[in-house]
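Structure at a glance
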Amino acid sequence: MARTLTLTFMSGSRDGEVVQFETAGSPLAVSIGRVAPCELVISDDPDLSRRHARLFWNGSSWMLEDLDSSNGSFIGEFQAARRLSGPTAIEDSDIFRVGLTRLRLGRSKNERVATAAAAANATRSAPSGRY
């Protein structure tokens, strides 16, 4: 059964952007990193590893797992942030950090939503600037 994963950028050049992933397969997962084949690519974060972390559905909740990244993954903010030492349950509205990028699981009303496919298409179809 497919599930929708919604993430909101809380910092960086994409601050406020909301992305949604329709996850399918087994396990239901979305990887986060600096390069493809990660489903969520954040190329402008120098502290993000190529394959930094992944979010996966364990049957009852989303789990966040660090993929042996150089700088770690954290749940919470500022002094309350805790570094992951293994797969950790993450709840709706929880904020987590990968590299320098802060993301929130879920979204609030009235935020703009861009699906991963639409974001990829927008990048590919952007005008070159030459006329």
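Computed from a predicted model, the values in this text were never measured in an experiment.

Cut-offs and rules
- Residues numbered from 1 in each chain as written.
- Predicted model: local features only at pLDDT ≥ 70, side-chain atom pairs only at ≥ 80, totals over all residues.
- Heavy atoms only, no water.
- Core = buried A, V, L, I, M, F, W, Y, C linked by side-chain atoms within 4.5 Å.
- Buried < 20%, exposed > 50% of the residue type's maximum accessible area, 1.4 Å probe, protein only.
- Helix = DSSP H or I, 4+ residues; strand = E, 2+ residues; numbered from the N terminus.
- Salt bridge = Lys/Arg side-chain N within 4 Å of Asp/Glu carboxyl O.
- Phe/Tyr/Trp six-rings, centres within 6.5 Å; stacked < 30°, edge-to-face > 60°.
- Lys NZ or Arg CZ within 6 Å of the ring centre and 35° of its normal.
- Polar contact = N/O pair within 3.5 Å; in protein donor to acceptor, adjacent residues only side chain to side chain.
- Contact = heavy atoms within 4.5 Å.
- pLDDT = per-residue confidence, 0-100.
- Pairing = 2+ DSSP bridges.

1. Points about the nonpolar core
- Judged by nonpolar contacts, the single largest core of 23 residues is most densely connected at Leu7, Leu40, Leu55 and Phe96.
- Counting only elements with at least two residues in this core, the list comes to strand E1 (3–9), strand E2 (18–23), strand E3 (29–33), strand E5 (53–57), strand E6 (62–66), strand E10 (95–98) and strand E11 (101–105).

2. Some thoughts on the pattern of salt bridges
- Taken as a whole and judged by the stated rule, the model has three salt bridges.
- With a closest N to O distance of 2.5 Å, Glu77 and Arg102 form a salt bridge. Of this pair, Glu77 sits in the loop between strand E7 (73–75) and strand E8 (82–83) while Arg102 sits in strand E11, placing them 25 residues apart in sequence.
- Given the relative accessible area of 27%, Glu77 is considered partly exposed.
- Judged by its relative accessible area of 22%, Arg102 is partly exposed.

3. Notes on the packing of aromatic side chains
- Evaluation of the coordinates by the stated rule reveals one aromatic pair.
- Over the ring of Trp57 we find Arg3; its NZ or CZ atom is 3.7 Å from the centre of that ring.
- A cation over a ring is seen here: Arg54 above Phe56, with NZ or CZ 4.2 Å from the ring centre.

4. Here we look at unusual backbone geometry
- A cis amide bond, omega 20 degrees, links Ala36 with the succeeding residue Pro37.
- Even without glycine at this site, Asp68 takes up a positive phi of about 55 degrees.
- Assignment of secondary structure puts Asp68 in the loop between E6 and E7.

5. Quick look at the side chain of Ser11
- Residue placement: Ser11 occurs in the loop between E1 and E2.
- Of note is the side chain of Ser11, whose polar atom sits 2.9 Å from the backbone nitrogen of Arg102.
- For Ser11, the contacting residues outside a window of four places in its chain are Leu100, Thr101 and Arg102.

6. Digging into the confidence of the model for the chain
- Counting all residues, the mean pLDDT for the chain is 83, and 80% of those residues have values of 70 or more.
- Confidence over residues 108–113 falls short of pLDDT 50; this stretch has 10 contacts with residues more than four positions distant or in other chains.

7. Thoughts on the sheet that holds strand E4 (residues 40–41)
- With respect to topology, five strands assemble into an open sheet ordered E4-E3-E5-E6-E9, the strand pairing being mixed. The open sheet has two free edges, formed respectively by E4 and strand E9 (88–90), since each of these has just one partner strand.
- With four bridges connecting them, E3 and E5 associate as antiparallel partners. Counterpart to Ser31 in the pairing with E5 is Arg54.

8. Some words on the environment of Asp44
- Along the chain, Asp44 turns up in the loop between E4 and E5.
- Judged by relative accessible area, Asp44 falls into the partly exposed class, the value being 46%.
- Sequence-wise, Asp44 and Gly12 are 32 residues apart; in three dimensions their C-alpha atoms are separated by 8.6 Å.
- A polar contact of 2.5 Å, which involves the side chain of Asp44, links it to the side chain of Ser13.

9. Regarding the pairing of E1
- For E1, a buried count of five out of seven residues is recorded, marking the element as mostly surrounded by other parts of the structure.
- Where E1 and E2 come together, six bridges link them in antiparallel fashion. From the neighbouring strand, Thr4 faces E2, where its bridge partner is Glu22.
- Pairing of E1 with E11, which is carried by three bridges, proceeds in the antiparallel orientation. Across the sheet, Thr8 pairs through a bridge with Arg104, a residue of E11.

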